[in-house]
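# Structural description and commentary
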Amino acid sequence: MKKFVITLLFLSVLSVQLKAQKEEILFNVGDEAVAKSEFLNSYQKNNQLSTATENDLRDYLSLYINYKLKVKEGKELKMDTASSFQREFQSYRKQSAQQYLVDKNVNARLVEEAKERQKSYIRTSHLMVACAPDATPKDTLAAYNTIMNIRNKIVNNEISFADAAVRYSEDHSAQDAVNPNTHKKMYGNKGDLGYCTVFQLVYPFENAMYNTPIGSISMPVRSQFGYHIIYVVDKIPALKTIEVAQIFFADSLAAYGKMSENVKTNILQTQTQLKILPFDSVARIFSEDQYSKNKGGRMEPFTVNRRPGDFVKTAVNLTLGQISEPVATTMGWHILQLIAFTPDELSKEEADYFVKGKIAKDSRSHLSKNSLVNRLKKEYQYQETGKNAAIKFLDKNLPEEFFTNNMYDINALKGVKKLKQVVNIDNKPVDASGFIVYLSRFRGVNLQELTRKQFLEERFNAFVDDIIINYENTQLETKFPEFKNLMDEYISGMILYDLNTNKVWEKAMLDSTGLVNFYESIKTEYPTATSGEFQPLEEIKSVVITRYQDYLEKLWIADLNKKYPVKIQEEVFKSILKK
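Quantities reported herein were computed from a predicted structural model and do not represent experimental measurements. (Residues numbered from 1 in each chain as written. Predicted model: local features only at pLDDT ≥ 70, side-chain atom pairs only at ≥ 80, totals over all residues. Heavy atoms only, no water.)

Attention now moves to the packing of aromatic side chains. Inspection of every chain in the model, using the stated rule, returns 27 aromatic pairs. With centroids separated by 5.5 Å and ring planes inclined at 70°, the aromatic side chains of Tyr-144 and Tyr-227 adopt a geometry described as edge-to-face. In this pair, Tyr-144 is assigned in helix H6 (residues 137-155) and Tyr-227 in strand S8 (residues 226-237), connecting sequence segments 83 residues apart. Exposure class is identical for Tyr-144 and Tyr-227. Each is buried. Directly above the ring of Tyr-227 sits Arg-222, whose terminal nitrogen or CZ lies 5.3 Å from the centroid. One Lys or Arg, Arg-307, reaches over the ring of Phe-302 and ends 4.8 Å from the middle of that ring. (Phe/Tyr/Trp six-rings, centres within 6.5 Å; stacked < 30°, edge-to-face > 60°. Helix = DSSP H or I, 4+ residues; strand = E, 2+ residues; numbered from the N terminus. Buried < 20%, exposed > 50% of the residue type's maximum accessible area, 1.4 Å probe, protein only. Lys NZ or Arg CZ within 6 Å of the ring centre and 35° of its normal.)

As a further point, take a nonpolar patch on the surface. On the surface, Ile-276, Leu-277 and Ile-285 cluster together into a nonpolar patch covering about 300 Å² of accessible area. Topologically, Ile-276 is positioned in the loop between helix H9 (261-274) and helix H10 (279-286). (Patch = residues over 30% accessible without salt bridge, like charges linked within 9 Å, V, L, I, M, F, W, Y side chains within 5 Å. Areas by Shrake-Rupley, 256 points an atom, 1.4 Å probe, with all protein chains shown as cover. Salt bridge = Lys/Arg side-chain N within 4 Å of Asp/Glu carboxyl O.)

What follows is about helix H4 (residues 83-97). Look at H4: 20 Å from first C-alpha to last across 15 residues, which is about the 21 Å you get at 1.5 Å a residue. Three or more residues of H4 are buried, namely Phe-85, Gln-86, Phe-89, Gln-90, Tyr-92, Arg-93, Ser-96 and Ala-97. Down the axis of H4, the smallest arc covering the buried residues is 165°, so these residues share one side. Relative to its buried face, H4 has exposed residues pointing more than 90 degrees away, namely Arg-87 and Lys-94. (Expected span 1.5 Å × (residues − 1). Arc of directions from axis to C-beta.)

It is worth spelling out the nonpolar core at this point. By size, the foremost hydrophobic cluster in this structure holds 98 residues, and its most contacted members are Leu-394 and Phe-460. A total of 12 residues in this core trace back to one element, the largest contributor, which is helix H18 (residues 481-510). Filtering out sequence-adjacent residues up to four positions away, Leu-394 remains in contact with Leu-413, Phe-435, Ile-436, Leu-439, Arg-452 and Leu-456. Judged by nonpolar contacts, the second largest core, of 17 residues, contains Tyr-121, Leu-239, Ile-242 and Leu-336. (Core = buried A, V, L, I, M, F, W, Y, C linked by side-chain atoms within 4.5 Å. Contact = heavy atoms within 4.5 Å.)

Now for the pairing of strand S1 (residues 25-29). Counting buried positions over the five residues of S1 gives four, a clear majority of the element. Looking at chain direction, S1 and strand S2 (residues 32-35) are connected through four bridges and run antiparallel. Looking at S2, one finds that Ile-25 is bridged to Ala-35. Between S1 and the antiparallel strand that follows it, S2, lie two residues; Gly-30 among them carries a positive phi value of about 60°. With three bridges connecting them, S1 and strand S15 (residues 566-568) associate as antiparallel partners. Its bridge partner lying in S15, Asn-28 is registered against Lys-567. (Pairing = 2+ DSSP bridges.)

Turning our attention to the sheet that holds S2. Here three strands make up an open sheet; going across it, the order is S2-S1-S15 and the pairing antiparallel. Looking along the sheet, the strands with just one partner apiece sit at the ends: S2 and S15. Put simply, the sheet's adjacent strands are angled 20° from each other on average, direction ignored. On the sheet, helix H3 (residues 54-76) packs against S1, S2 and S15 and is oriented at approximately 40° with respect to S1. (Axes fitted to C-alpha atoms, helices over the stretch in contact; angles between N-to-C directions.)

Attention shifts here to the sheet that holds strand S6 (residues 192-196). Pairing in this open sheet of four strands is antiparallel, and the strands run S6-S3-S8-S7 from one edge to the other. The open sheet has two edge strands, S6 and strand S7 (221-223), and neither has a second partner. Strand after strand, the sheet turns through a mean of 40° between neighbouring axes, direction not considered. Sheet topology places S7 next to S8; three bridges connect them, and they run antiparallel. Directly across from Ser-223, in S8, lies its bridge partner Gly-226. Each of strand S3 (120-130), S6, S7 and S8 touches helix H8 (residues 203-211); the most contacted strand, S3, lies at about 125° to it.

Interpretation in functional terms is not warranted from these geometric data alone.
Now the structure itself:
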């Protein structure tokens, strides 16, 4: 697989170079030519070429050259061939390829996966950088780099996830807003999506949600909306409904985790009364929720995904009849008593029916396996050249032991190695040994009502489906430019992140001696109110680290320019100015 990926990357670079030879070359980075059109496509992502000045274009050209230098360095260092790099890339490729490859095996896996996932609810927070499904490669890479930089800040404890969501997320539910109709303030969720389960979120998001450990932040996840990073907060068993009673106090400060003085007084008084009176009696006296107070605070049963995360977490951690400490939502403060909960338990038959129905309508199954295989058979000029002979031989000679012993070695069957090719796909023969290996999966199988020949016929058809789908998988980069571009962008994004981490971000954080020396060189820019004194490093450390990172990057870029000389074609650049 690694050789395949390396070859693919080489062909990708060669293809770009050959294409660039037919276009106007704007600049070269070492032996790599970059076309004018590539630069313009990148520039026009967020800029208007018609209003651009020469300084605007020069500045952007400088940034674009730096990007090309870093990717060039990463590939020269063979970072993309490292085993850890390849594991992450292949995982991403496998996930991304699913929308192009759908078959029975995939569907079966998806059913079992969904059945397992529906046993639990996951609480997540997310941050999104928007990126359209049909975005250009450079737009996609820019969005990826943006969200990776944000993730790095969070991981390095420069900012909390909630604060980052408020500041950076392009899912605007994270931020406070004003209702245009009522002109009332709507509090943002700070990225908190509460508790969700299978089929409630887009599939790539769902995958990351279930595969990221609790307390961890996922790597960027691509959906039709853009790139997401996901913080997995909690996991609970699936519940059909929860029923609680509440004593509620409205408080605008609760949205920020604070409590007003009058609410604090009311809550203390309420808690005192709860020591001597039943919960329902106290709710009728003190609760400010007009809908539930007359029912002793009793609320309608609700599903887990219909209430804020902290509210749900508090409720599910109570024992029956237990009363909680106050919990905040955007509306105010709630004191809860757990009345009942109903586990979400389905029989195997109900689970199968529910999941298969959902998958049939879900984006993860947007292609029909049968139609895909039939189309690919025509496209790849599929021919059956030895099927009948192979099945006839196996039907006659396969011993009963094969169907009763899952340790039987079918390769030991006398005469099996004399079988010849069975099919031809895209002018590539597939010999019977592949079918024999495939059959080995079914040792010890119960034929039930099938004849041996029917079993072999069914397995042969499934084998053909597999090899066609697998062959199609090897052709995705060739057949689908958008898939190839996405893979190339992901590789470039991984290289950029790893290089920036090693050369700039981590170095600035870990090089204490270098940081102190750098501080000494700039401390005169940070005087205190006392004449002749300067602000200590510890007081302005975050600022100094940021400046030190910029300094290290400039040194690094200077070295890369020496290593990979950059030559700008000024005449081509001037042609851009004429626009």
